[in-house]
Amino acid sequence: MYTAGLWLISLILPDPHLPYRKEFIKKRDFVYLGALLLLPLILSDPLVYLMVLAGIYAILALGLSLFLGYAGQISLGHAAFFGIGTYTTAILTTRYAVPPVGAFWASALAAAVFAYLIGKPILKLKGYFLALATLGFGEIFLVIVKEARNLTGGVSGIFNIPWFSVAGFIFNTYLKQYYLVWGVLIGLVLFAKNLVRSKMGRSLLAVAASEDAASSVGINVAQVKVGVFVLSAAFAGLAGSLFACIMSTANPEGFSLGLSVLIVMMVIMGGMGNLYGPIFAAIFLTWLTDMLGGYQEYSLPIFGVILILLLIFFPDGVGTRLNARLIYLISYWGRKRRRERVDI
Amino acid sequence: MTPWVHIPQLLAAGITIGAIYALVALGFVTIVRASQIINFAQGEFVMLGGVVTFFFIKGAGLPFPLAALMAVTAVVIIGFLLHLLVIYPLRKASVLILIMATVGASMVLSNTSALLFGTLPKALPPFSGEHPLDIGGIPVAPQSLWVIGATFLVFLFLYLLSHRTLLGKAMEASSTDPLGADLAGIARNLMVFFAFGVSAGMGAIAGVLVTPLFYTSYNSGTLLGLKGFIAAVLGGWGKNSGAILGGFVLGVVESVSIAFIPSGYKDGVAFVALLLILYFRPKGILGSPYIDSRRW
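Figured I'd write up the structure that's included with this text. (Residues numbered from 1 in each chain as written. Chains lettered and ligands numbered in written order. Predicted model: local features only at pLDDT ≥ 70, side-chain atom pairs only at ≥ 80, totals over all residues.)

Our focus in this paragraph is the overall build of chain B. The helix and strand tally for chain B stands at eleven helices and two strands. For chain B, the α and β elements follow one another from N to C terminus as α-α-α-α-β-β-α-α-α-α-α-α-α. For 296 residues, the compact-globule estimate of 2.2 N^0.38 gives 19 Å, and the C-alpha radius of gyration of chain B, at 19 Å, lies within 12% of that figure. When the backbone C-alpha atoms are referred to their principal axes, chain B occupies close to 65 × 50 × 35 Å. The buried share among the 296 residues of chain B stands at 50%. (Helix = DSSP H or I, 4+ residues; strand = E, 2+ residues; numbered from the N terminus. Rg over C-alpha atoms; globule rule 2.2 N^0.38 Å. Buried ≥ 20, exposed ≤ 12 C-beta atoms within 10 Å, placed from the backbone.)

As structure tokens, this is what we get:
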């Protein structure tokens, strides 16, 4: 247990052998962290709950960002891995009385195993066909969940999943869940930041740019693609486990194509090859879904129209465009300041 | 009682639904042959065909043939609008963006239909009576014959369009060799525009044909669209003959599978078939002009 903990910590701490060590944690990271810690102070209870949901979606989006944003592969079936995580936790905690922490890791493992089995054959595909194959996987998952009533409770699902708890501390209020979810997210962000700076991360970018070129410099393209697919599925499994503990129910309603589309939207909006963008997009889209939910049946058409408009006007992500402008502004500001310093 | 007793009847049902899948698959192929775009909103055209016809009959009190004609026209116009408002502005975007845009369009279409025409499933009256005909000892609903007959008329129309007219040739040229098409003076965007119209029309006809057999509700388009796509991949991507063959094969396999597995798993069969075909023979049964085995 102790060594496992050390190994986990070593994953999220900066690796001294990697390049750009100094830039691993920038000033903006502390700003984001501070904002996260202080946010519950100014938010009302429903908004804290919304941020809990947003945090879960952000974990999903972060995982998919590695697969879609960095490796450039399309998955329209990520809701299935989220569902596998949720059902693993639900079944383990309610039937076998496994403590939630154990179920948490088991969920990631289950999602990763399924992703490996599915990914091995279908990651040979590209573009539209990969999209369709992953979508097909998502649909099969839904059919199985609805039909295997003994295991999953069918359409009505599983109830009374216990709260998440660590060593007797029970996360039973929205505020505690907020810190739980966003704490997990921070760990995963550090892990992902580490990963994209590693050999693996560079390989992902190379595969996204050109698979032929990547394999010509000795990258095992198939292995890299399956690896990142498994990893992003494990992220989805973790998110699913948290979702199960917070909702305390699991039913197939939530894992349809709509959720997969929403996650992909988060990544596209956040920008390709970007870790923070999808997180902000997750917060924005969760808020938007919640706000449009107030308009009942008008919400989905409006949502669809907003998606199309975003794609037409911000095809490479709102975050990317804004970032480009911000970088321009900041560099302009930096140049000015440097010149002043020279004057002194 | 063995499951084999039901096989003839299931085969008949499978061929009927296979004709519908073939129509949807042809809708995909028509657009792909003009532009290499896959329209994930194809299923919504089918749904709209049924639902709008229902609206014209029940809401406006029109006779069936006129209502069906007007519904098909309306859906063709929607297809044109889809191209103008969504596809044309995104003609230079990446595959992923186009997938998401058509998925978004499908969301808008299905939910707007729920808003305008209600969420209840709709059923049209069969074209000619409910009394089942007896063909070689198998009871067959007359609507099935209508479906198959009308489908063959559409096949014929499409064959003539794509092999016997300049428009069809121009459409195909703009997909296979964009630069060559430009040099030959083909207005490529116009071709894609027409392809969307034709594809929407075929979807709407499928919708009118299928609604007397199955209930059509605002959300049934997505699954029909996906199965049509699977049929197109199964038969051979980008080929009209492949789409037709794939449609019938998928319909029959799905229908016959009911005899052997619980009917709840029926929707999964198509996707398992898809994963198998993508894994073992991505070109599909008849092979595909767009997929060579090296790249896939």
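All names here are of chain B. Where helix H1 (residues 7-35) contacts helix H2 (residues 42-58), the two axes come as close as 9 Å, and the packing angle between them is 130°. As far as their axial angle goes, H2 and H1 are oblique. When the axes of H1 and H2 are compared, the crossing they make is right-handed. In this structure, H1 uses Val24, Gly27 and Phe28 to contact H2, whose residues at the interface are Gln42, Gly43, Phe45 and Val46. The class makeup of the residues in the contact of H1 with H2 is four nonpolar, three polar and no charged. (Axes fitted to C-alpha atoms, helices over the stretch in contact; angles between N-to-C directions. Parallel < 35°, antiparallel > 145°, perpendicular 65-115°, else oblique. Left-handed = near helix turned anticlockwise from the far one by under 90°. Contact = placed C-beta atoms within 7 Å. Nonpolar A, V, L, I, M, F, W, Y, C, P; charged D, E, K, R; others polar.)

A separate point is the environment of Ala80(A). All names here are of chain A. With respect to the helices and strands, the residue alanine 80 is situated in helix H4 (residues 78-95). The exposure class of alanine 80 is buried, given the 32 C-beta atoms found within 10 Å. Those residues in contact with alanine 80, other than ones at most four positions away along the chain, are Phe137, Gly138, Phe141 and Phe255.

All names here are of chain A. Relative to the helices and strands, tyrosine 87 resides in helix H4. Put simply, tyrosine 87 and asparagine 160 are 73 residues apart on the chain and 13 Å apart in space, counted from C-alpha to C-alpha. Residues contacting tyrosine 87, with those up to four places away along its chain left out, are Val145, Thr152 and Ala250.

This brings us to the interface of chain B and chain A. Taken together, the contact between chain B and chain A spans 35 residues of the former and 35 residues of the latter. Sorting the residues of the side of chain B that touches chain A by element identifies helix H4 (95-117), helix H9 (220-235) and helix H11 (266-280) of chain B as the ones contributing at least two each. Tallied by class, the residues present in the side of chain B that touches chain A amount to 28 nonpolar, six polar and one charged.

As a rule of thumb, nonpolar side chains are buried together in soluble globular proteins. All names here are of chain A. Ranked by internal contacts, the top residues of the largest apolar core, which has 199 residues, are Ile59, Leu60, Ala61, Ala111 and Met266. Examining the composition of this core, we find that 17 residues originate from one element, helix H3 (residues 45-70), more than from any other. Once you skip the residues sitting within four places of it in the chain, alanine 61 turns out to touch Ile263, Met266, Val267, Gly270, Pro278, Ile279, Ala281 and Ala282. (Core = buried A, V, L, I, M, F, W, Y, C linked by C-beta atoms within 7 Å.)

Residue and element names in this part refer to chain B. With respect to the secondary-structure elements, phenylalanine 45 resides in helix H2. According to the C-beta neighbour criterion, phenylalanine 45 is buried, with 32 such atoms within 10 Å. Beyond its immediate stretch of four places on either side in the chain, phenylalanine 45 contacts Gly27, Val75, Gly79, Ala200, Gly203, Ala204 and Gly207.

Residue pairs three or four apart in sequence face the same way in an α-helix, which turns once every 3.6 residues. Its 16 residues give H9(B) an end-to-end C-alpha distance of 23 Å, which sits within 8% of 22 Å, the value for a rise of 1.5 Å per residue. Most of H9(B) is tucked away: 15 of the 16 residues are buried. (Expected span 1.5 Å × (residues − 1).)

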